[in-house]
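Per-entry structural report
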Amino acid sequence: MSSPKIGFIGYGAMAQRMGANLRKAGYPVVAYAPSGGKDETEMLPSPRAIAEAAEIIIFCVPNDAAENESLHGENGALAALTPGKLVLDTSTVSPDQADAFASLAVEHGFSLLDAPMSGSTPEAETGDLVMLVGGDEATVKRAQPVLDVIGKLTIHAGPAGSAARLKLVVNGVMGATLNVIAEGVSYGLAAGLDRDVVFDTLQQVAVVSPHHKRKLKMGQNREFPSQFPTRLMSKDMGLLLDAGRKVGAFMPSMAVADQALALSNRLHANEDYSALIGAMEHSVANLPHK
């Protein structure tokens, strides 16, 4: 039996790596990339063309507005999302957006998982993403072969919308932890400690995660190749705080991190979000931002 065709709506850095792994696994892949991003994958001209051509459609877009444009805009996908289609929404969007998408799935009869991933481009490259999924058991089972190619672990968070909420928990911890690390570096340098001693030590101790050790290495090298751009992390922190306000969650540390990343975003939007470490170092050194 031939593998079902998979279509990507949004084909940026993460989606291209997922697409490459799916092709290696024998899946035919097509893609629509409104903001660029091409490889050997066949490119189609619109979200609707993707939804017509593919049995499984993977959304991987940056925000709520982009997702709504892909669904409802001219030549949007919704017109072709018919019963029998399976949609995996790997985008990080607001809980309200995830709930609205789930309502559309019920109304139009297609299957849907909110399926944001935890991990950056290195994990997408190796197929080691952690996939968070929200939806019913039958849909998770149907999607599992695809999820197993692009990720090393699938966590069923609960009913539709649950994974979108869980993803904000994960990214909030990431962003707040990075801010704490940047503050620690800031103090160490201001206190006169040797720069390499500060960075080398933090990359050795158990209290810093492997993910954040990669970010420290970027800070030490003063180079911030975009594994997870600041503009997206800042967007996610904003989604988290807005969602938290609606449910009355108390998140002062995440609020501070949101503000720090929003400031960093002004000058480092397309660099990795670890550029916050560099921004704080420049502040301590009383040097202009670069």
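Looking up the protein chain in an unreviewed UniProt entry gives the name NAD(P)-dependent oxidoreductase, with the organism given as Gluconobacter potus.

Helices and strands together make up the secondary structure of the protein chain, namely 12 helices and 9 strands. Relative to the compact-globule value of 19 Å for 290 residues, the protein chain shows a C-alpha radius of gyration of 20 Å, a close match. Along the first, second and third principal axes, the C-alpha atoms of the protein chain reach 65 × 45 × 35 Å. Looking at the protein chain as a whole, 52% of its 290 residues are labelled buried. The contacts of the protein chain with a sequence gap of at least 6 include a subset with a gap of at least 24, amounting to 65%.

There is about 970 Å³ of room inside the largest pocket. In terms of lining residues, the largest pocket is bounded by 44 residues, among which Met14, Cys60, Val61, Pro62 and Leu232 are the most central. For the lining of the largest pocket, the class distribution of residues is 18 nonpolar, 16 polar and 10 charged.

Along the polypeptide, Ala269 turns up in the loop between α11 (252–268) and α12 (275–284). Overall, Ala269 belongs to the partly exposed group, its relative accessible area being 23%. Taking the C-alpha atoms as reference points, Ala269 and Leu232, separated by 37 residues in sequence, lie 8.1 Å from one another. If near-sequence neighbours (up to four positions away) are discounted, Ala269 is found in contact with Pro229, Thr230, Arg231 and Ser264.

For the rest of this paragraph, the subject is the environment of Thr126. With respect to the helices and strands, the residue Thr126 is situated in helix α5 (residues 121–126). Thr126 gets classed as exposed once you look at its relative accessible area, which sits at 51%. Residues Thr126 and Ala33, spaced 93 residues apart in sequence, show a C-alpha to C-alpha distance of 22 Å.

Right, let's talk about the side chain of Ser46 for a bit. Considering the arrangement of structural elements, one finds Ser46 in the loop between β3 (42–43) and α2 (47–53). Of note is the side chain of Ser46, whose polar atom sits 3.0 Å from the backbone nitrogen of Ala49. Apart from residues no more than four positions distant in its own chain, Ser46 is found in contact with Tyr32 and Asn75.

When the terminal C-alpha atoms of helix α6 (residues 137–150) are compared, their 19 Å separation across 14 residues agrees well with the 20 Å that a helix rising 1.5 Å per residue should span. The sharpest bend along α6 comes to roughly 55 degrees, located at Gln144, with the proline Pro145 sitting one to four residues further on. Capping of α6 at its N-terminal end is provided by Asp136; its side-chain oxygen lies 3.1 Å from the backbone amide nitrogen of Ala138.

Here the phi dihedral of Asn75 falls at roughly 60 degrees; this positive angle occurs in a residue that is not glycine. Among the structural elements, Asn75 can be located in the loop between α3 (64–72) and β5 (86–89). Classification of Asn75 by relative accessible area gives partly exposed; the value is 43%. At Arg222, a position not held by glycine, the phi torsion is positive, near 55 degrees.

Put simply, helix α7 (residues 162–190) and helix α10 (residues 230–247) touch, their axes get as near as 9 Å, and they point 120 degrees apart. Classified by the angle their axes make, α7 and α10 are oblique. Taken as a pair, α7 and α10 cross one another with a handedness that is left-handed. For the pair formed by α7 and α10, the contact residues are Leu168, Asn171, Gly172, Met174, Gly175 and Ala176 on the first element and Met233, Asp236, Met237, Leu239, Leu240 and Ala243 on the second. Taken together, the residues of the contact of α7 with α10 break down into 8 nonpolar, 3 polar and 1 charged.

On to empty space enclosed by the protein, then. By the definition in use, this model includes 1 cavity of 30 Å³ or more. The computed volume of the largest cavity comes to approximately 40 Å³. Of the residues contributing to the lining of the largest cavity, the split by class is 6 nonpolar, 1 polar and 2 charged.

This part is about the packing of aromatic side chains. For the structure shown, the criterion picks out 4 aromatic pairs. Each ring, one from Phe101 and one from Phe110, has its centre 6.3 Å from the other, and the planes form 65 degrees; the classification is edge-to-face. Judged by centre distance (5.6 Å) and plane angle (65 degrees), the rings of Phe228 and Tyr273 are edge-to-face. On the criterion of sequence distance, the pair formed by Phe228 in the loop between α9 (210–221) and α10 and Tyr273 in the loop between α11 and α12 is long-range, its members being 45 residues apart.

Along the polypeptide, Glu281 turns up in helix α12. In terms of polar contacts, Glu281 uses its side chain to reach the side chain of Arg195, at 2.7 Å.

Rules behind the numbers
Residues numbered from 1 in each chain as written. Predicted model: local features only at pLDDT ≥ 70, side-chain atom pairs only at ≥ 80, totals over all residues. Heavy atoms only, no water. Helix = DSSP H or I, 4+ residues; strand = E, 2+ residues; numbered from the N terminus. Rg over C-alpha atoms; globule rule 2.2 N^0.38 Å. Buried < 20%, exposed > 50% of the residue type's maximum accessible area, 1.4 Å probe, protein only. Contact = heavy atoms within 4.5 Å. 1 Å grid on protein atoms, 1.4 Å probe; cavity = no way out; pocket = protein on both sides within 12 Å on 5 of 7 lines; lining within 4 Å. Points joined across faces, edges and corners; volume = space filled by probe spheres on them. Nonpolar A, V, L, I, M, F, W, Y, C, P; charged D, E, K, R; others polar. Polar contact = N/O pair within 3.5 Å; in protein donor to acceptor, adjacent residues only side chain to side chain. Expected span 1.5 Å × (residues − 1). Bend = angle between axes of the 7 residues up to and from the residue. Axes fitted to C-alpha atoms, helices over the stretch in contact; angles between N-to-C directions. Parallel < 35°, antiparallel > 145°, perpendicular 65-115°, else oblique. Left-handed = near helix turned anticlockwise from the far one by under 90°. Phe/Tyr/Trp six-rings, centres within 6.5 Å; stacked < 30°, edge-to-face > 60°.

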